[in-house]
Amino acid sequence: MDFVRSMIARDQETGKYGGSVVTRFPPEPNGYLHIGHAKAIHLNFGIASEHPGGRCHLRLDDTNPETERSEYVEAMKRDIRWLGHDWGEHLYHASDYFGKLYEYAVLLVRRGLAYVDSSTEEEIRARRGSVTKAGVESPWRDRPVAENLDLLERMRAGEFPDGSHVLRARIDMAHPNMVMRDPLLYRIRHSTHYRQGDGWPIYPMYDFAHCLSDSIERVTHSLCTLEFENNREIYDWLLAKVDAPLPRPEQTEFAPLVVEHVVTSKRQLKELVGAGAVRGWDDPRMPTIAGLRRRGVTPAAIRRFCEMVGVSRAHSRVDHGKLEFAIRDDLNRRAPRAFCILDPLKVVLTDFDAGRLVSLTAPTMPGSDDGTQEERDLSLRGEIYIERGDFAENPPPGFHRLRPGGEVRLKYALTIRCDEVVRDGGGRIIELRCSHDPGTLGGVAPKGRRVPGTIHWLSAADAVPAEVRLYDRLFAVPDPPLDDLPSALNPDSERTVTGLVEPGVAGAAPGTHYQFERLGYFFTDPADSRPDRLVFNRVVTLRDSWAERLRREGSGTGRASAPAAADPERGARTRNVDANAARSPEASLSSGLERDRFRELRSLGVGEATAVSLVRSQPALDLFHQASASHPASAGAIASWLVNDVARLVRRSATLAIRRLAPEALADLVRAVEADDLSHRQGRRVLEALLEGGGDFEEVRLSLDLAEVDDEETLRRVVEGIVAANPEKAADYRAGRSGLLGFFVGEAMRATGGRADPQAVSRVATETLSAATRASS
RNA sequence: UGGCCCGUGGUCUAACGGCAGGACACCGGUCUUUGGAACCGGGGGUGGUGGUUCGACUCCACCCGGGCCAACCA
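Owing to the predicted nature of the structure, the values given are computational and were not obtained by experimental measurement.

1. Topic: the protein's contact with RNA strand B
Argument step 1. The environment of RNA strand B is made up of 97 residues, and the closest members are Arg-337, Arg-401, Tyr-412, Gly-442 and Lys-729.
Argument step 2. For RNA strand B, the fraction of protein-proximal atoms (within 4 Å) that sit in sugar or phosphate groups is 61%.
Argument step 3. One of the side-chain N or O atoms of Glu-229 is found 2.7 Å from a sugar or linking oxygen in RNA strand B.
Argument step 4. With 6 residues, helix α25 (residues 741–751) is the largest single contributor of residues to the surface near RNA strand B.
Argument step 5. The residue inventory of the surface near RNA strand B, partitioned by class, reads 30 nonpolar, 33 polar and 34 charged.

This is the structure:
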């Protein structure tokens, strides 16, 4: 399960949202959906469908009138449906909330949390500062509320021209997060909205509209991509400041989908279409849903691909081969087989009587031997076509197709031998003259007769011509440079040939899949193909280990080159080792005060790494001095508990606070553990309780029922039980898999409800396992 | 002299502090009327250094590497 689903499962357990799960997919209708959106769509709709009563809203985030069109809205709806999802009645538009949003803006102004800034765009930009420099406040920042209200109303009434005023949140111009430096909430745009017409001269910004739209729809989990991480702070701020109803939606970010050899930025895609690099948004080479659909990629394949890729917060770049795998895997099951010759070479069967016709059959879906095998008809006559690439005059080693004097099997037909090669005046091979083996009719070789290869073929008189568009990746390099896409275009991304297909394919409706045997998966183009004039798109080739091998050997880089290619990166990692180790933690201390404190801690017996951490936390440092004053001998241990255990617990849970921990309680705790009065593990349980409710160490300890199991006999029985229940693990351990000791200790801890002294368990387990070795050997 | 986030085999992704696993790719084999599919097997990984712990991919610190943020876009 991915981290988003785990989080939602946790929320369900704690009842955070009263059991409801509401997600949303919120595209801006300013372009076409692409493969990257597919990931978000499957995530949001998928999660909703996994919870009873869960739902996913489709919300068009249409707050910018200049780029949005209803044409895009319709395309988006079609694409999402095609991907297999249904928003039911939950179709929303952010622009439908303009009224409510405006009320929220008024509320913020009344509360002194927003103001009208009459600076120019340039002034605002200049005053924002930079990532390393604080911004400066706008001269309009302290306008009286009444004036702000008046100005905002007049902005809304359309009294001011574009750019003359904006509404801004009043937060902090020196905020380390740039998003929080008085973000713009509204701008003036006298522009016609595709949906709201001229009803609004002011439009809300993303940061303002998004969180409030989520809240209005009572969304619970607002999932977006990583680039919005910095925006989460303003999301929460706004909901808090307008007193949005509880429970409030929460934003969670996940890594966007990046695929090698693919670009998904809307701007770049637009550029490709505009520059004519592709024929349109639905060009089969485009990563848009429309392009994928037209190419012949199925919704099931896209879904599978998204599942394989997973969801995490790590920036990643997915191997394009993964998409290809998902496509092949799906089409392999659903595409009927047929023959197609892309580059025909004529073959005359010299010993076939003129006019002779052999009728043959071939399976439509080989391998599905469930008794319901469907078959197709094939005709064989004296003149046929084979693929030019299936004949080689000077074959490379390992080639087992047709060669002069050699044999090959025509699939489902018979075996032929090449007797003669015929060329034209230019020396180009135009025909092969072959003889056949009558004993192999039907393609079956008599016992003991080995035929090196099997190729596809088509009867010349029966084959029907078809246009075939051979697609390859649009970009030649895995990571196309966004500032110069044309340079990275693959010149061979589309190659059109006139091929031949078997007669059974003639009349195929647009939008039909085939596997052309030995070539790949093909799809009759939904727009250009007609039953009487077929146009095929190659969706994806078959896996081709032979071509792969030729490529490797041809480029002179054998298998060895793969690791070599990865080497630079590896080298970089190892090269850094020295640099990594060169600096001690102490060197990171910035001020003289910190260094003085560090030295003092060191002199008190605190370890170096611990001292560095402790120096930075004033509350922890104070606590340390108070607790260690009376117990100087335990100073090192106290510091360690503070840095390692207290810090961890406090960071993890909001209900724990360091201020509740009394110095005496901490000192007593540390000394008790040092005296082996209780294990470190149980010490942590006491610590957690102390951080939660404060109090005296002994009291809290007694209230927790920490009776420890360290009786050797009891532990031995427990361990023996676990060993008996896991004989194979015990054997593995004895065979040298020492890491399994952790498994036995862990199981024993579980079995005793965490009460066992792990150190004792570890000792007992080691003894028990080795004793069994002696016994069994 | 900014803040936040992220580093697990070639790639993507799992693992309450307790067995480092899966998928794609790769290699080998079986089978085969697709150099396909299917089936079987194999190699290879926690960025580094310290610390805490009986035990660290997981917690702490530092380092290294990467990403995001300074539109009146979303």
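Past the structure itself, the notes keep going.
2. What to know about the layout of surface pockets
Argument step 1. The calculated volume of the second largest pocket comes to roughly 1,000 Å³.
Argument step 2. His-34, His-37, Thr-225, Glu-227 and Phe-228 are the residues nearest the centre of the second largest pocket, which is lined by 39 residues in total.
Argument step 3. Those elements that provide at least two residues to the lining of the second largest pocket are β1 (22–25), α2 (35–49), α7 (206–216) and β8 (221–225).
Argument step 4. A per-element tally of the lining of the second largest pocket places α2 first, with 5 residues.
Argument step 5. Across the lining of the second largest pocket, the residue classes tally to 18 nonpolar, 11 polar and 10 charged.

3. Thoughts on the nonpolar core
Argument step 1. Within the largest apolar cluster, 45 residues are counted, with the highest numbers of intra-cluster contacts made by Phe-25, Ile-80, Ile-302, Phe-305 and Ile-327.
Argument step 2. Here the element with the most residues in this core is α2; it accounts for 8 residues.
Argument step 3. Non-local contacts of Ile-80, meaning those with residues more than four positions away in its chain, are made with Phe-25, Leu-33, Ile-41, Phe-45, Leu-58, His-85 and Trp-87.

4. So, the packing of aromatic side chains
Argument step 1. Tallied over the entire structure, the rule returns 15 aromatic pairs.
Argument step 2. Relative to Tyr-412, the ring of Phe-339 has its centre 6.1 Å away and its plane inclined at 20°; by these criteria the two rings are stacked. Placement of Phe-339 in the loop between β10 (337–338) and β11 (340–341) and of Tyr-412 in the loop between β16 (407–410) and β17 (415–423) is noted, with a sequence separation of 73 residues between them. Just as Phe-339 is buried, Tyr-412 falls in that class too.
Argument step 3. Consider the rings of Phe-516 and Phe-522, whose centres lie 4.7 Å apart with planes at 35°: the pair is tilted.
Argument step 4. Residue Phe-516 is classed as buried on the basis of its relative accessible area, which comes to 0%.
Argument step 5. Judged by its relative accessible area of 0%, Phe-522 falls in the buried class.
Argument step 6. An aromatic cluster of at least three residues, connected via ring pairs, comprises Phe-98, Tyr-102, Trp-200 and Tyr-203.

5. Overview of the sheet that holds strand β24 (residues 520–524)
Argument step 1. A sheet is described by the order of its strands in space; here 7 strands give the open sequence β10-β23-β24-β25-β21-β22-β11, paired in mixed fashion. Sheet topology places β10 and β11 at the edges, where each strand pairs with a single neighbour.
Argument step 2. Pairing of strand β21 (residues 464–471) with strand β25 (residues 535–541) involves 3 bridges; the strand directions are parallel. Paired with Arg-469 across the bridge in β25 is Asn-537.
Argument step 3. On the sheet, helix α12 (residues 320–334) packs against β10, β23 (513–516), β24 and β25 and is oriented at approximately 115° with respect to β25.

6. Concerning the packing of helix α16 (residues 592–603) against helix α18 (residues 618–629)
Argument step 1. The geometry of α16 relative to α18 is characterised by a closest axis approach of 13 Å and an angle of 35° between their N-to-C directions. As α16 runs across α18, the sense of the crossing is left-handed. Packed against α16, whose contacting residues are Arg-597, Glu-600 and Leu-601, the element α18 presents Gln-618, Leu-621, Phe-624 and His-625 at the interface.
Argument step 2. When grouped by side-chain class, the residues that make up the contact of α16 with α18 number 3 nonpolar, 2 polar and 2 charged.

7. Some words on the environment of Gly-88
Argument step 1. Here Gly-88 lies in the loop between α3 (70–82) and β3 (91–93).
Argument step 2. A sequence separation of 30 residues divides Gly-88 from Leu-58, and the C-alpha atoms of the two residues are 9.1 Å apart.

8. Thoughts on empty space enclosed by the protein
Argument step 1. Counting across every chain of the model gives 2 cavities of 30 Å³ or more.
Argument step 2. Lining the largest cavity are Phe-339, Leu-378, Ser-379, Trp-457, Leu-458, Ser-459, Asp-462, Ala-463, Glu-502 and Pro-503.
Argument step 3. Only β14 (375–380) and β20 (457–459) provide two or more residues apiece to the lining of the largest cavity.
Argument step 4. The leading source of residues in the lining of the largest cavity is β20, at 3 residues.

9. Some remarks on the sheet that holds strand β2 (residues 55–60)
Argument step 1. Judged by pairing direction, the sheet is parallel, and its 3 strands sit side by side in the order β1-β2-β3 without closing on themselves. Each of the sheet's edge strands pairs with one partner strand only, and the pair in question is β1 and β3. When the angles between neighbouring strand axes are averaged without regard to direction, this sheet yields 35°.
Argument step 2. In this structure, β1 lies alongside β2, joined through 4 bridges in parallel fashion. Within β2, the position partnered with Phe-25 by the bridge is Leu-58.
Argument step 3. Its contacts with the sheet place α2 against β1 and β2, and it is angled at close to 160° to β1.

Basis of the calculations
- Residues numbered from 1 in each chain as written.
- Chains lettered and ligands numbered in written order.
- Predicted model: local features only at pLDDT ≥ 70, side-chain atom pairs only at ≥ 80, totals over all residues.
- Heavy atoms only, no water.
- Near = heavy atom within 4 Å.
- Polar contact = N/O pair within 3.5 Å; in protein donor to acceptor, adjacent residues only side chain to side chain.
- Helix = DSSP H or I, 4+ residues; strand = E, 2+ residues; numbered from the N terminus.
- Nonpolar A, V, L, I, M, F, W, Y, C, P; charged D, E, K, R; others polar.
- 1 Å grid on protein atoms, 1.4 Å probe; cavity = no way out; pocket = protein on both sides within 12 Å on 5 of 7 lines; lining within 4 Å.
- Points joined across faces, edges and corners; volume = space filled by probe spheres on them.
- Core = buried A, V, L, I, M, F, W, Y, C linked by side-chain atoms within 4.5 Å.
- Buried < 20%, exposed > 50% of the residue type's maximum accessible area, 1.4 Å probe, protein only.
- Contact = heavy atoms within 4.5 Å.
- Phe/Tyr/Trp six-rings, centres within 6.5 Å; stacked < 30°, edge-to-face > 60°.
- Pairing = 2+ DSSP bridges.
- Axes fitted to C-alpha atoms, helices over the stretch in contact; angles between N-to-C directions.
- Left-handed = near helix turned anticlockwise from the far one by under 90°.

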